[in-house]
Protein chains: 2
Amino acid sequence: MRSETDILQGHMVVDNGRIVSLGAERPAAEAVEGAQRINGAGLLFMPGLINTHGHAAMALLRGYSDDQALQVWLERDMWPMEGKYTSNETRWGTALALAEMLRSGTTSFVDMYDRMDIVAEVTEGSGMRGWLARGAIGLCSEAEQDAKLREAVAFARDWDGKANGRIHTMLSPHAPYTCPPAFIERFVQASVDYGLPMHTHMSETVAEVARNVEDYGCRPVEHLDRLGLLARPSFVAHAVHLTDEEIALLAARGTGVSHNPASNLKLASGVAPVPRLLAAGIPVSLGTDSAASNNNLDLFDEIRLAALIHKGVSGDPTAVPAFTALQLGTTAGARTLWAGEELGMLEPGMKADFIALDIDQPHWVPRTDMVSHLVYAGSGRDVRHVWVDGAQVVKDGRCTQLDEERIMREAQLCFDKLNR
Amino acid sequence: MRSETDILQGHMVVDNGRIVSLGAERPAAEAVEGAQRINGAGLLFMPGLINTHGHAAMALLRGYSDDQALQVWLERDMWPMEGKYTSNETRWGTALALAEMLRSGTTSFVDMYDRMDIVAEVTEGSGMRGWLARGAIGLCSEAEQDAKLREAVAFARDWDGKANGRIHTMLSPHAPYTCPPAFIERFVQASVDYGLPMHTHMSETVAEVARNVEDYGCRPVEHLDRLGLLARPSFVAHAVHLTDEEIALLAARGTGVSHNPASNLKLASGVAPVPRLLAAGIPVSLGTDSAASNNNLDLFDEIRLAALIHKGVSGDPTAVPAFTALQLGTTAGARTLWAGEELGMLEPGMKADFIALDIDQPHWVPRTDMVSHLVYAGSGRDVRHVWVDGAQVVKDGRCTQLDEERIMREAQLCFDKLNR
């Protein structure tokens, strides 16, 4: 992942959750004595993908409402259904999403939702790596705001570092348009007090930006900067509508952007200015958003979209080349999550989060440029095995830690109940 | 495919290459005596997909040149490699493409290339249905033009209706910018003389449209109309850059448009005005173009792109709804190929070209809107079985008529030789 020609035929040794060695030479017999061996013939190994924005439990609402205006989708269809969620829906919706993500090669994911204790429990059991935050909407009474902030902080403090370090936590005021400024400032203060990073939605739609200007006299980037959020380790989802000044300010603050191309297209929000963000040196990673606005959680789809749409929209066929798109889904995702030293690449010392794709199929032939194949022809459905922390979590296309049959059955029951 | 709620749990009987009956009721025992039975549990059956533009043999150049300006890609990389093609490269490149298309659920394809006898032979052997044409570039001497026209006509007359009616032929002057007007007129005359339909590239790039205006004093649609091409049964590929007047003229002539979203994005040609084309009543179908500019031949990808990009670009989340996108890949493809009475739907009397997808996977859960799932979450990799003319051509994800192992091996050898 440091260079696009950096593809190796050789051997990788993993021990205690980390990559020990990687090279063309066969490792010495004593270095691998008693080790489990995996034959990589016909497989392409690469770092696990990193999905930096989503709401896993909404997988229950996949296909429930499509091709609607944003407000109809959200207010008529999503919110009432989400309002009926209990712990049971959160549990099985999250499990459904994690099964889909793991099977399609995503090893780390970001989740912003509620009932996060449940999300964390499911994450722990799945073998997946998660950056989790209680997403808080502040359009409510002060008492409710207090309760949400308390819950968000308690969750973040309880779970950070759990599951053998696979679970990380963050603080997430939902968005500038759903949180009063004072509420966001309280989250920023908690972020300082407890040393937690922050994540929020920002500038997804034109309407939301216009409302920000009307309500607060400035656009969302300046607004969040005034509230102190951008001074914290933070990244924002969407960032579709940005001025050059806003891009410069995000770059100056080191704020990451989670680009969600499928969701932004499907909800007709627009196309984020990714080439300009990259030119400014901003860490741009990829997110699926929820399965209700995508409607799949295969990050390979986002990688391909990121490589395709910016060319078509800008008229520049060299915009977001294949290798850049692949980096968005791997190394840039790791950097966004302050884990660039441990994730997103296969190198000695890094965590052993990796996937193996079945390339013994026509769409991977001929062997020309494997990075190009991964981006333009590959798919999460080509993923055959997945490891996180050196433990195999998908084998022959099936999750090993999650009971897929039961998850699909329970998810259907949950949906049927919600839809009654 | 007549309505988006038209989804049935029941039985389908096929005989002699056609659908005999379809219904919720179990067919009478005597109606299916001795029949082969297929258990559809966990499978979604739908019409085979129809890919209305491509150059199959270019699959050998998948990943050979990416992220380049169009002229560099074409003149520096594609043309010299294609210049080295012999019958062997055409054979194995075509076979590679057909294997990929069949496995991903495409049952009918359009091909415009040369050495079409070989393409037709491979098509015949694959079990697939093809609309084939010798694509002729007219930037050459009159003697060479004569030879190309003769070859195109001879191929079309020899092969039309062959392979038990699975092969159809057309006449294809390559494009207005690669064919002098008189050359196009000779193809039009041959189309009249032999009763053959026509297919060409049109208005893919801004530069090509500008050159047409400079050279001929009008834009490509008017130009092709003056040459008589649009008066013939015909459809054009790309049609990215069109005025309202051009759309009205295409609609008046009944000319179809093959929309190639991935190729148009990847080569930075732009986004075709599909919502306006549909509003004008033009048959809009989907094409992958070649694997050198896509770089895959999975028509589900084009269906999803068609549903996503027009929303994002227009700002209208109701643009190209899921069911419309699915129709582009099925019924509209059939209409484009003058086969709307026989293909693109599952109904009694229609040809038995159908596919079965494995929906016993997390990304197909819950069972909300199966059309939405097909478009936004489905993939050609979910296709498990494929039938053309009632004969099974893909079983458990593998081609039955094509030797996939040999094709992949030979395709690699061909590429290695070309690349020497």
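It should be emphasised that the depicted structure is a prediction, and the values quoted were computed from it without experimental measurement.

So, how was this worked out
- Within each chain, residues carry numbers counting from 1 in the order of the written sequence.
- Think of it this way: whatever chain is written first is A, whatever ligand is written first is 1, and the rest follow in order.
- Residue-level local features of this predicted model are given only where pLDDT is at least 70; pairs of side-chain atoms are given and counted only at 80 or more, and the full residue set underlies all totals for whole chains, interfaces and linings.
- Calculation of side-chain values draws on the structure's entire complement of heavy atoms; hydrogens and water are dropped beforehand.
- Secondary structure follows DSSP: runs of H or I at least 4 residues long count as helices, runs of E at least 2 residues long count as strands, and numbering of each begins at the N terminus.
- To get the radius of gyration, use the C-alpha atoms; to get the globule rule, take the number of residues to the power 0.38 and multiply by 2.2 Å.
- In this analysis, two residues are considered to be in contact whenever any of their non-hydrogen atoms come within 4.5 Å of each other.
- Positive charge is attributed to Lys and Arg, negative charge to Asp and Glu, and no charge count is given to His or to the chain ends.
- The atoms used to mark charge sites are NZ of Lys, CZ of Arg, CG of Asp and CD of Glu.
- Each residue is placed in one exposure class: buried if its accessible area under a 1.4 Å probe, protein chains only, is under 20% of its type's maximum, exposed if it is over 50%, and partly exposed if it falls in between.
- Angles shown run from 0 to 180 degrees and are taken between the N-to-C directions of axes, each axis being a line fitted to C-alpha atoms and, for helices, limited to the stretch in contact.
- Put simply, angles under 35 degrees are roughly parallel, angles over 145 are roughly antiparallel, angles from 65 to 115 are roughly perpendicular, and the rest are oblique.
- Each residue gets one of three labels, nonpolar for Ala, Val, Leu, Ile, Met, Phe, Trp, Tyr, Cys and Pro, charged for Asp, Glu, Lys and Arg, and polar for the others, Gly among them.
- Here a cavity is any set of points on a 1 Å grid over the protein atoms alone where a 1.4 Å probe fits but cannot get out, and a pocket is any open set with protein on both sides within 12 Å along at least 5 of 7 lines; a residue lines the site when it has an atom within 4 Å of a point.
- Grid points are joined across faces, edges and corners, and a volume is the space filled by probe spheres set on the points.
- The arc refers to the directions leading from the helix axis to the C-beta atoms.
- UniProt positions are given in the numbering used here, feature names are shortened, and annotations may be inferred rather than shown by experiment.
- We call two N or O atoms a polar contact when they sit within 3.5 Å, provided that within protein one can donate a hydrogen and the other can accept it, with sequence-adjacent residues counted only if both atoms are side-chain atoms.
- Two strands pair under a simple rule: DSSP has to find at least two bridges between them.
- The term buried area refers to how much accessible surface (probe radius 1.4 Å) is lost by two components on association, counted for both of them together.
- What counts as a salt bridge is simple: a side-chain nitrogen of Lys or Arg found within 4 Å of a carboxyl oxygen of Asp or Glu.
- Note on aromatic contacts: the rings of Phe and Tyr and the six-membered ring of Trp form a pair at centre separations within 6.5 Å, being stacked when their planes are under 30 degrees apart, edge-to-face when over 60 apart, and tilted otherwise.
- By definition here, charges over rings are those cases where NZ of Lys or CZ of Arg is within 6 Å of the ring centre and within 35 degrees of the ring normal.

**Considerations on the overall build of chain A**
If you tally the helices and strands in chain A, you get 15 helices and 15 strands. Here the C-alpha atoms of chain A give a radius of gyration of 21 Å, agreeing with the 22 Å that 2.2 N^0.38 yields for 420 residues. The C-alpha extent of chain A, read off along each of the three principal axes, is 65 × 45 × 40 Å. Excluding contacts between residues fewer than 6 apart, the proportion of contacts in chain A whose partners are at least 24 apart in sequence is 72%. Side chains of chain A carry 38 positive and 55 negative charges; the gap between the two charge centres is 3 Å.

**Topic: helix 14 (residues 370-377) of chain B**
The element helix 14 of chain B is largely enclosed, with a buried count of eight among its eight residues. Taken as a whole, helix 14 of chain B has its buried residues at B:Met370, B:Val371, B:Ser372, B:His373, B:Leu374, B:Val375, B:Tyr376 and B:Ala377.

**So, the packing of helix 11 (residues 299-314) of chain B against helix 14 of chain B**
Residues and elements named next belong to chain B. Interaxial distance between helix 11 and helix 14 falls to 7 Å at its minimum, and their mutual angle equals 95°. In terms of orientation, helix 11 lies roughly perpendicular with respect to helix 14. Residues Phe 300, Ile 303, Arg 304, Ala 307, Leu 308 and Lys 311 of helix 11 pack against Leu 374, Val 375, Tyr 376 and Ala 377 of helix 14. Split by residue class, the contact of helix 11 with helix 14 holds eight nonpolar, no polar and two charged.

**Overview of empty space enclosed by the protein**
Taken as a whole, this structure holds six cavities of 30 Å³ or more when the rule is applied. Of the pockets and cavities examined, the largest cavity occupies roughly 110 Å³. For the largest cavity, the full set of lining residues is A:Asp301, A:Arg304, A:Leu305, A:Leu308, B:Ala262, B:Asn294, B:Asn296, B:Asp301, B:Arg304, B:Leu305 and B:Leu308. At the level of secondary structure, the elements contributing two or more residues to the lining of the largest cavity comprise helix 11 (299-314) of chain A together with helix 11 of chain B.

**Considerations on helix 6 (residues 206-216) of chain A**
Residue and element names in this part refer to chain A. When helix 6 is considered as a whole, its buried residues turn out to be Glu 208, Val 209 and Asn 212. The buried residues of helix 6 occupy an angular sector of 100° when projected down its axis, which confines them to one face. Exposed side chains of helix 6 directed beyond 90 degrees from the buried face belong to Val 206, Ala 207 and Glu 214. Tucked inside the fold, the buried residues of helix 6 contact strand 8 (198-202) and helix 7 (220-226). One or two positions beyond helix 6, positive phi appears at Gly 217, with a value near 75°.

**A closer look at the UniProt feature "binding site: Zn(2+)" (unreviewed entry) in chain A**
All names here are of chain A. When the UniProt feature table is mapped to this numbering, "binding site: Zn(2+)" (unreviewed entry) covers His 53, His 55, His 201 and Asp 289. The greatest C-alpha distance among the residues just named is 11.9 Å, despite their covering 237 residues of sequence, which places them together in space. From the list above, the second largest cavity is lined by His 53, His 55 and Asp 289. Within the secondary structure layout, His 53 lies in the loop between strand 4 (49-51) and helix 1 (70-83). A relative accessible area of 0% means that His 53 is categorised as buried. With sequence-adjacent residues up to four places away left out, His 53 is seen in contact with Val 110, Met 112, His 199, His 201, Ala 237, His 238, Ser 258, Asn 260, Leu 286, Gly 287, Thr 288 and Asp 289. Among the polar contacts made by the side chain of His 53, one reaches the side chain of His 55 at a distance of 3.3 Å. Tracing the sequence through the fold places His 55 in the loop between strand 4 and helix 1. Those residues in contact with His 55 that sit more than four places away from it in its chain are Asp 111, Met 112, Tyr 113, His 201, Asp 289 and Ser 290.

**So, the sheet that holds strand 13 (residues 383-388) of chain A**
All names here are of chain A. Spatially, five strands are ordered 3-12-13-14-15 in an open sheet, and the strand pairing comes out antiparallel. The open sheet has two edge strands with one neighbour each: strand 3 (43-47) and strand 15 (398-399). With four bridges joining them, strand 12 (residues 354-358) and strand 13 adopt antiparallel strand pairing. In the sheet register, Leu 357 faces strand 13, and the bridge partner there is Val 383.

**Concerning the environment of A:Thr288**
Residues and elements named next belong to chain A. When you line up the elements, Thr 288 lands in the loop between strand 11 (284-286) and helix 11. You can call Thr 288 buried: its relative accessible area is 1%. Once the C-alpha coordinates of Thr 288 and Gly 312 are considered, the two residues, 24 residues apart in sequence, prove to be 20 Å apart. When near neighbours in sequence (up to four residues on either side) are disregarded, Thr 288 contacts Asn 51, His 53, Asn 260, Ser 263, Asn 294, Asn 296, Leu 297, Asp 298, Leu 299 and Glu 302.

**Considering the UniProt feature "domain: Amidohydrolase-related" (unreviewed entry) in chain A**
Residues annotated by UniProt as "domain: Amidohydrolase-related" (unreviewed entry) correspond here to residues 46-392 of chain A. Note that residues 46-392 of chain A is 44% helix and 17% strand, and that its end C-alpha atoms are spaced 14 Å apart.

**Things to note about the interface of chain B and chain A**
If you look at the interface, chain B gives 58 residues, while chain A gives 58 residues. For the chain B and chain A pair, buried surface summed over both sides reaches about 4700 Å², with 61% attributable to carbon and sulfur atoms. The interface formed by chain B and chain A holds six salt bridges in total. In this structure, B:Arg304 and A:Asp301 form a salt bridge, with 3.1 Å as the shortest nitrogen-oxygen distance. For the interface between chain B and chain A, the tally reads 32 residue pairs in polar contact (both at pLDDT 80 or more). Those elements giving two or more residues to the side of chain B that touches chain A turn out to be helix 2 (87-103), helix 9 (261-266), helix 11, helix 14 and helix 15 (404-418) of chain B. Looking at the side of chain B that touches chain A element by element, the count peaks at seven residues for helix 11 of chain B.

**Details of the packing of aromatic side chains**
On inspection of all chains with the given rule, the structure shows 14 aromatic pairs over all chains. Between the aromatic rings of A:Phe45 and A:Phe354, the centroid separation amounts to 6.2 Å while the plane-to-plane angle is 40°, which identifies the pairing as tilted. Of this pair, A:Phe45 sits in strand 3 while A:Phe354 is found in strand 12, placing the two residues 309 residues apart along the sequence. Residue A:Phe45 is classed as partly exposed on the basis of its relative accessible area, which comes to 30%. Linked through ring pairs, A:Phe45, A:Phe354 and A:Trp387 together constitute an aromatic cluster. Lying across the ring of B:Tyr376, A:Lys266 places its NZ or CZ 4.7 Å from the centre.

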